[in-house]
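# Structural overview
Spelled out, the chains give:
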Amino acid sequence: LLRLAKVLCRMASSGESPRSVMHGDGIVVLSTHKASAKEQARNAERLKSLLSEPHNKHCFECEGDVEFRTAWASVSIGVFICAGCSGLHRSLGTHISRVKSCAADDWNDDWVDNMESWGNKRASLFWEWRPPARRPTPADGRNQSRRMREFVAAKYMRRAFSAAGEAHEWRGADPLPPEKGGGR
């Protein structure tokens, strides 16, 4: 955190406006600028396109179906989630997962850029490198069951299933890192 604070202070003192900064534990600190109407319209189309990709059509956590009008996303982690799982992500705190509605919220370029860099497939390869023994179900997500809460906390707070290293090493990597151990 100290390193992140120094970077942000340096940028502020030089007049730079950070668009996005990678925190050392793999969490992206994204800008908070409000999207103009033109930027929002363009980004709604970009999100619709991302949600048409096979891996993004299902909630990253419970694998329930998602579509643009009902989908949510963790813009900081870069994954699409259902309404039920969005509440679980909110409970992690915005320092871990910043949650936005795909249809109802105004999206700026930085947030969509991060979603394009990650998406559910790449995120699965990192956050579920060592697949959990038993995945939660869509019903667990809708009901925010104890099992679902424990799964999400284990994944992001304890990094129980993640690959070694930091998430930023995987962000936008092309080609994707090799599928050893995990991913879906």
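All of the points below concern the structure found in this document. All values derive from a computational prediction rather than experimental measurement. (Residues numbered from 1 in each chain as written. Predicted model: local features only at pLDDT ≥ 70, side-chain atom pairs only at ≥ 80, totals over all residues. Heavy atoms only, no water.)

### What to know about unusual backbone geometry
The backbone of E63 shows a phi angle near 70°, a positive value even though the residue is not glycine. With respect to the helices and strands, the residue E63 is situated in the loop between α2 (37-51) and β3 (72-74). On the basis of relative accessible area, E63 is assigned to the partly exposed category, the value being 35%. A positive phi angle is found at R159, which is not glycine, with a value near 50°. Mapped onto the elements of the fold, R159 is located in the segment after α7 (146-156). (Helix = DSSP H or I, 4+ residues; strand = E, 2+ residues; numbered from the N terminus. Buried < 20%, exposed > 50% of the residue type's maximum accessible area, 1.4 Å probe, protein only.)

### Things to note about the environment of S97
Summarising the element assignment, S97 is placed in the loop between α3 (83-92) and β5 (99-101). On the basis of relative accessibility, which here comes to 1%, the residue S97 falls in the buried class. It is 9.1 Å that separates the C-alpha atoms of S97 and G78, two residues lying 19 residues apart in sequence. Contacts of S97, omitting those with residues within four sequence positions, involve S74, S76, I77, H89 and L92. Of note is the side chain of S97, whose polar atom sits 2.8 Å from the side chain of S74. (Contact = heavy atoms within 4.5 Å. Polar contact = N/O pair within 3.5 Å; in protein donor to acceptor, adjacent residues only side chain to side chain.)

### Some points on the side chain of H89
Relative to the helices and strands, H89 is located in helix α3. Here E61 takes part through its side chain, which lies 2.8 Å from a polar atom of the side chain of H89. Ignoring sequence-local partners within four residues, the contact set of H89 consists of E61, S74, I77, V79, I81, S97, V99 and Y156.

### Considerations on the environment of C82
Note on placement: C82 falls in the loop between β4 (79-81) and α3. Here the alpha-carbon distance between C82 and A71, two residues 11 residues apart in the chain, equals 5.5 Å. Setting aside chain neighbours within four positions, we find C82 in contact with C59, C62, V66 and W72.

### With respect to the environment of L47
Inspection of the secondary structure puts L47 in helix α2. Measuring from C-alpha to C-alpha, the distance between L47 and W107 comes to 9.1 Å, with 60 residues separating the pair along the chain. Beyond its immediate stretch of four places on either side in the chain, L47 contacts F68, F80, C102, W107 and V112.

### Some details on the pattern of salt bridges
Where side chains of opposite charge bring their charged atoms close, a pairing between them can arise. Evaluated as defined, the whole model comprises 13 salt bridges. One salt bridge in this structure joins D106 and K34, with 3.1 Å as the shortest N-O distance. Of the two residues, D106 sits in the loop between β5 and α4 (109-117) while K34 sits in the loop between β2 (28-30) and α2, which places them 72 residues apart along the sequence. You can call D106 partly exposed: its relative accessible area is 37%. E128 is the salt-bridge partner of R135, the closest N and O atoms lying 2.8 Å from each other. Shared partners join several salt bridges into a network, and the residues in it are R42, R46, D109, D113 and E116. (Salt bridge = Lys/Arg side-chain N within 4 Å of Asp/Glu carboxyl O.)

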